[in-house]
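Report on the structure
So the chains spell out like this:
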Amino acid sequence: MTTCGHLDQIRDVTPDSTEGCSDCLAIGATWVHLRECLSCGHVACCDSSPNRHATAHAEGSGHPIVRSFEPGEDWRWCYPDQAIV
């Protein structure tokens, strides 16, 4: 079982958007599911979406953990460790 060594980077964040993927909204694109960065609150689209903004944000910012921003879902994902946390 993989463990996550990045839990200390989780912050008390406020979503930067409640309307959808911040990056897709800026370019007029669509998304499938949403993720919220737990380091800064950036809301971005999942890897099933055409632009994969959540992964791009994690890679570009170094922010490792996201949570599902979908109603009724309660899980977190660590990109560097490729693990549910």
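Parameters and conventions
- Residues numbered from 1 in each chain as written.
- Predicted model: local features only at pLDDT ≥ 70, side-chain atom pairs only at ≥ 80, totals over all residues.
- Heavy atoms only, no water.
- Salt bridge = Lys/Arg side-chain N within 4 Å of Asp/Glu carboxyl O.
- Buried < 20%, exposed > 50% of the residue type's maximum accessible area, 1.4 Å probe, protein only.
- Pairing = 2+ DSSP bridges.
- Helix = DSSP H or I, 4+ residues; strand = E, 2+ residues; numbered from the N terminus.

**Describing the pattern of salt bridges**
- A complete count under the given rule lists two salt bridges for this structure.
- Across the salt bridge formed by D47 and R52, the nearest N and O atoms sit 3.2 Å from each other.
- Looking at R52, the relative accessible area reads 40%, which means it is partly exposed.

**Points about the sheet that holds strand β4 (residues 76-78)**
- With antiparallel pairing, five strands are arranged side by side in an open sheet as β2-β1-β3-β4-β5. The strands lining the two open edges of the sheet, one partner per strand, are β2 (43-45) and β5 (83-84).
- With three bridges joining them, strand β3 (residues 65-68) and β4 adopt antiparallel strand pairing. Bridging from a neighbouring strand, I65 pairs with C78 of β4.

Read these as geometric descriptors, not functional statements.
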